[in-house]
Amino acid sequence: MESSSLIQHSTPVSWISNSHSGSSLCEIRLSARMRNLTALLFLLSLCSLQLVSSFPTSFNHITQCCTGTSTVKIPLKIIVTYWWTSKNCHIKAIVFETLNKKQHCVDPTAVWVNRHMKAVDLRNSTTVTAKP
């Protein structure tokens, strides 16, 4: 009787533990979660980078100076007004203000900037004289 009980309970433990030679279900779920979390963090980083890079061209509202200039051409139809930065500023720039009240610092030596300044001056002068 003892030998039959030994045979009955002598299931090879190594067979049970080795049957899952690959990753366990918990490890697979954890790995998938890690991949999703990594992808989410990567997208969040890209969005943050895009927000920082689209910031209105480094205009400091406290000192009224630009910390850099943009080379991106701003559409004339969205420019409301412009002004020069103070002579006390390290960077000489033109600040274009757009319809949504954003200020963009641009290089005054760029050809398109001078054309936009003249067009804004002309538009503002004809608007003022057209009013009775």
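Residues numbered from 1 in each chain as written. Predicted model: local features only at pLDDT ≥ 70, side-chain atom pairs only at ≥ 80, totals over all residues. Heavy atoms only, no water.

Student: Hey, could you run me through the pairing of strand E5 (residues 103-106) in this one?
Tutor: Looking along a regular strand, one sees side chains alternate from face to face of the sheet. Where burial is concerned, the two faces of E5 agree: the one with Gln 103 and Cys 105 and the one with His 104 and Val 106 are both buried. As defined by bridge partners, strand E4 (residues 94-98) adjoins E5 across 4 bridges and the pair is classed as antiparallel. For Glu 97, the partnering residue across the bridge sits in E5 and is Gln 103. In sequence, E4 turns back onto E5 through a hairpin of 4 residues, with Lys 101 there showing a positive phi of about 65°. (Buried < 20%, exposed > 50% of the residue type's maximum accessible area, 1.4 Å probe, protein only. Helix = DSSP H or I, 4+ residues; strand = E, 2+ residues; numbered from the N terminus. Pairing = 2+ DSSP bridges.)

Student: Help me understand the confidence of the model for the protein chain in this model?
Tutor: Low-pLDDT stretches of the model should not have their predicted coordinates read in fine detail. Summary statistics for the protein chain give a mean pLDDT of 74 and a share of 59% for residues scoring 70 or more. Below a pLDDT of 50 lies the segment residues 1-7, which in the model reaches 0 contacts outside its immediate sequence neighbourhood of four places, other chains included. Under a pLDDT of 50 for its full length, residues 9-18 has, in the predicted model, 1 contact with residues more than four places off or in other chains. (pLDDT = per-residue confidence, 0-100. Contact = heavy atoms within 4.5 Å.)

Student: So what exactly am I meant to see when it comes to the packing of aromatic side chains here?
Tutor: Here the distance between the centres and the angle between the planes together describe a pair of aromatic rings. Under the counting rule described, the total for this entry stands at 2 aromatic pairs. Here Tyr 82 and Phe 96 contribute two aromatic rings whose centre-to-centre distance is 6.1 Å and whose plane-to-plane angle is 70°, an arrangement assigned as edge-to-face. Highlighted residues: Tyr 82 in strand E3 (residues 79-84) and Phe 96 in strand E4, separated in sequence by 14 residues. Both residues of the pair, Tyr 82 and Phe 96, belong to the buried class. Between Phe 96 and Trp 112 the ring centres are 6.1 Å apart and the planes differ by 35°, which places this aromatic pair in the tilted class. Pair noted here: Phe 96 is in strand E4 and Trp 112 is in helix H4 (residues 111-130), with a separation of 16 residues, a long-range link. (Phe/Tyr/Trp six-rings, centres within 6.5 Å; stacked < 30°, edge-to-face > 60°.)

Student: What exactly am I supposed to notice about the environment of Val 120 here?
Tutor: Relative to the helices and strands, Val 120 resides in helix H4. With 38 residues separating them in the primary sequence, Val 120 and Tyr 82 have C-alpha atoms 8.1 Å apart. For Val 120, the residues in contact, after removing those within four places along its chain, are Leu 76, Ile 79, Val 80, Thr 81 and Tyr 82.

Student: Just to check I follow, could you spell out the state of the cysteines for this structure?
Tutor: In protein chemistry, a disulfide is the covalent bond that joins the sulfur atoms of two cysteines. Summed over the entire model, instances satisfying the criterion amount to 2 disulfides. A sulfur-sulfur separation of 2.0 Å characterises the disulfide bridge that pairs Cys 66 with Cys 105. Note on the Cys 66 and Cys 105 pair: the S-S dihedral is about -80°, so by sign convention the disulfide is left-handed. One end of the pair, Cys 66, is in strand E2 (residues 65-66); the other, Cys 105, is in strand E5, and 39 residues separate them in sequence. Judged by relative accessible area, Cys 105 falls into the buried class, the value being 0%. In the protein chain, the cysteines engaged in disulfides, taken in order along the sequence, are linked 1-3, 2-4. (Disulfide = S-S within 2.5 Å.)

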